[in-house]
Amino acid sequence: QVQLVESGGGLVQTGGSLRLSCAASGRTFSSYTMGWFRQAPGKEREFVAAINWNSGSTYYADSVKGRFTISRDNAKNTVYLQMNSLKPEDTAVYCCAAGSRPYSNVYYFRDYDYWGQGTQVTVSS
């Protein structure tokens, strides 16, 4: 129903910035929440940020609040994650996800229904 494709990952130095994009296609009208999760080697999957597609309300993990900004472009069916002041601990595969449920826990990965393949973000120290 929904296909997600991430882009924008890469290698940056500590303190640098990256902007991730997640382009959605398919039945996007049924998506209520778009989120970003990340998983580092040897670590559990971690919530990063989410946005309500209609209202624009945003949610952030404490570890990224003040450094990352999530936004969306309705016309392009695309959600962005602007990442500033990057740290080595931000190194991970970043995946975008779409939730099609009107009521869900935006922090919980199991409440999302569709996932992209992920894009690698590496921050060198």
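Relevant structure appears above.
K.L.:
What's the story with the overall build of the protein in this structure? I'm lost.
P.N.:
The helix and strand tally for the protein stands at 0 helices and 11 strands. Each helix and strand of the protein, ordered N terminal to C terminal, gives the series β-β-β-β-β-β-β-β-β-β-β. Relative to the globule expectation of 14 Å for 125 residues, the C-alpha radius of gyration of the protein, 13 Å, shows essentially globular dimensions. Overall size of the protein, expressed as C-alpha extent along the three principal axes, is 40 × 25 × 25 Å. A buried classification covers 42% of the 125 residues belonging to the protein. Partitioning the contacts of the protein with sequence separation of at least 6, the portion at a separation of at least 24 is 55%. One finds the centroid of the 12 positive side-chain charges in the protein at a distance of 3 Å from the centroid of its 9 negative side-chain charges.

K.L.:
Looking at this model, I keep getting lost on the state of the cysteines. Mind explaining?
P.N.:
Simply put, the disulfide is a covalent bond whose two ends are the sulfur atoms of two cysteines. Evaluated as defined, the whole model comprises 1 disulfide. The disulfide that involves Cys22 links it to Cys96, with 2.0 Å between the sulfurs. Every disulfide takes its handedness from the sign of the S-S torsion; for Cys22 and Cys96 that torsion is 55 degrees, giving right-handed. Note that Cys22 is positioned in strand S3 (residues 18–26) and Cys96 in strand S9 (residues 92–99), a separation of 74 residues in sequence. The exposure class assigned to Cys96 is buried, which follows from its relative accessible area of 0%. Left without a disulfide partner, Cys95 is nearest to the cysteine sulfur of Cys96, which lies 7.5 Å away.

Rules used in this analysis
Residues numbered from 1 in each chain as written. Predicted model: local features only at pLDDT ≥ 70, side-chain atom pairs only at ≥ 80, totals over all residues. Heavy atoms only, no water. Helix = DSSP H or I, 4+ residues; strand = E, 2+ residues; numbered from the N terminus. Rg over C-alpha atoms; globule rule 2.2 N^0.38 Å. Buried < 20%, exposed > 50% of the residue type's maximum accessible area, 1.4 Å probe, protein only. Contact = heavy atoms within 4.5 Å. Lys, Arg positive; Asp, Glu negative; His and termini not counted. Charge placed at Lys NZ, Arg CZ, Asp CG, Glu CD. Disulfide = S-S within 2.5 Å.

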